[in-house]
Amino acid sequence: MKPTLVQYDAPGWGVGEVWLDDDGRVFYSELPRPKRTRLGTVPSHVLSRRLAAFFAGEPDDFADVPLRIDDGFYGDCARALRAVKRGEVVTYGELAALAGRPGAARAAGTFCARCELAPFLPVHRVVAANGIGSWGSHGVAYKRRMLALEGWML
């Protein structure tokens, strides 16, 4: 079988994409961006509705959504990050410690920057010890906006 593409419209954010493997696990997620073209996937998929609601401000931790997570340190970061609740933030150092590698804050930051499972893994909830930190190609403004959905203003 081939992977399943689920796209969703998030008004004010753009169109996002989620790819599911044969077992229904998310293996890739692209956060909504303006001007992305919809490819005609079925908008009634349960994840389409949930993600659109999430970007409209509805609380959802996506804890029940199965993810394809790597082994090793990045997998440990992913599992630790799933436990960070809506409205909470952790520093890169705290995430590294939660993943069993205290002192690996830079590696935790690299994990967050390269993570392809947001918002199912809430990498926007990981901040620098002295401020918001960055967020890969989406940038700080997008991260601030994601945190604002959860009541954080950094």
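Higher on the page you've got the structure.
It should be emphasised that the depicted structure is a prediction, and the values quoted were computed from it without experimental measurement.

S.K.: Would you mind showing me how to read the overall build of the protein chain here?
M.R.: Along the backbone of the protein chain there are five helices and five strands. Since a compact globule built from 154 residues should have a radius of gyration of about 15 Å, the 15 Å found for the protein chain is in line with a globular shape. Nonlocal contacts in the protein chain, meaning residues at least 24 apart in sequence, comprise 52% of its contacts between residues at least 6 apart. Accessible area for the protein chain stands at about 7800 Å²; split by element, carbon and sulfur atoms hold 54% of it.

S.K.: Where do I start with the nonpolar core in this structure?
M.R.: Among soluble globular proteins, nonpolar side chains are generally buried collectively. Counting 42 residues, the largest nonpolar core has Val18, Val26, Leu47, Phe55, Leu95, Phe111 and Phe120 as the members making the most contacts within it. Only strand S1 (4-10), strand S2 (14-20), strand S3 (26-33), helix H1 (46-55), helix H2 (72-81), helix H3 (92-98), helix H4 (105-114) and helix H5 (139-149) provide two or more residues apiece to this core. Per-element tally for this core: the top contributor is H2, with five residues. Beyond its immediate stretch of four places on either side in the chain, Phe55 contacts Tyr8, Ala10, Trp13, Leu31, Pro32, Pro119, Tyr142, Met146 and Leu149.

S.K.: Which parts of the structure should I look at to understand the packing of aromatic side chains?
M.R.: Ring pairs (aromatic) are described by centroid distance and by the angle formed between their planes. Summed over the entire model, instances satisfying the criterion amount to eight aromatic pairs. Above the plane of the ring of Phe73 lies Arg101, whose end atom (NZ or CZ) is 4.7 Å from the centre. Seen from the ring of Trp13, Arg145 lies directly overhead, with NZ or CZ sitting 3.8 Å from the centre.

S.K.: Is there a simple way to explain unusual backbone geometry in this structure?
M.R.: Most peptide bonds take the trans form, and the phi angle of most residues other than glycine is negative. In this chain, Ala118 is followed by Pro119 through a cis amide linkage whose omega measures 5 degrees. As for its position among the elements, Pro119 is in the loop between H4 and strand S5 (126-127). Despite not being glycine, Phe62 shows a phi value in the positive range, around 55 degrees.

S.K.: Where do I start with empty space enclosed by the protein in this structure?
M.R.: Empty space among the atoms becomes apparent when a probe as large as a water molecule is rolled across them. Tallied over the full model, the rule gives one cavity of 30 Å³ or more. For the largest cavity, the calculated volume is near 100 Å³. Taken together, Phe54, Asp60, Asp61, Phe62, Ala63, Arg82, Val84, Lys85, Pro119, Phe120, Pro122 and Arg125 form the lining of the largest cavity. When its residues are assigned to classes, the lining of the largest cavity shows seven nonpolar, no polar and five charged.

S.K.: Would you take a moment to explain H2 for this structure?
M.R.: Count 3.6 residues to each turn of an α-helix, and residues three or four apart come out pointing the same way. Along H2, the residues that are buried comprise Phe73, Gly75, Cys77, Ala78, Ala80 and Leu81. In the core, the buried residues of H2 are packed alongside H3, H4 and S5.

S.K.: Can you walk me through the packing of H2 against H4 in this structure?
M.R.: Pairs of packed helices are described in terms of their axes, by the angle between the two and the distance that separates them. The geometry of H2 relative to H4 is characterised by a closest axis approach of 10 Å and an angle of 75 degrees between their N-to-C directions. On the basis of the axis angle, H2 is roughly perpendicular to H4. Where H2 approaches H4, its residues Phe73, Tyr74, Cys77, Ala78 and Leu81 are matched on the opposing element by Ala107, Ala108, Thr110, Phe111 and Arg114. When its residues are assigned to classes, the contact of H2 with H4 shows eight nonpolar, one polar and one charged.

Each value, and the rule that gives it
Residues numbered from 1 in each chain as written. Predicted model: local features only at pLDDT ≥ 70, side-chain atom pairs only at ≥ 80, totals over all residues. Heavy atoms only, no water. Helix = DSSP H or I, 4+ residues; strand = E, 2+ residues; numbered from the N terminus. Rg over C-alpha atoms; globule rule 2.2 N^0.38 Å. Contact = heavy atoms within 4.5 Å. Areas by Shrake-Rupley, 256 points an atom, 1.4 Å probe, with all protein chains shown as cover. Core = buried A, V, L, I, M, F, W, Y, C linked by side-chain atoms within 4.5 Å. Buried < 20%, exposed > 50% of the residue type's maximum accessible area, 1.4 Å probe, protein only. Phe/Tyr/Trp six-rings, centres within 6.5 Å; stacked < 30°, edge-to-face > 60°. Lys NZ or Arg CZ within 6 Å of the ring centre and 35° of its normal. 1 Å grid on protein atoms, 1.4 Å probe; cavity = no way out; pocket = protein on both sides within 12 Å on 5 of 7 lines; lining within 4 Å. Points joined across faces, edges and corners; volume = space filled by probe spheres on them. Nonpolar A, V, L, I, M, F, W, Y, C, P; charged D, E, K, R; others polar. Axes fitted to C-alpha atoms, helices over the stretch in contact; angles between N-to-C directions. Parallel < 35°, antiparallel > 145°, perpendicular 65-115°, else oblique.

Geometric values such as these leave the question of function open.
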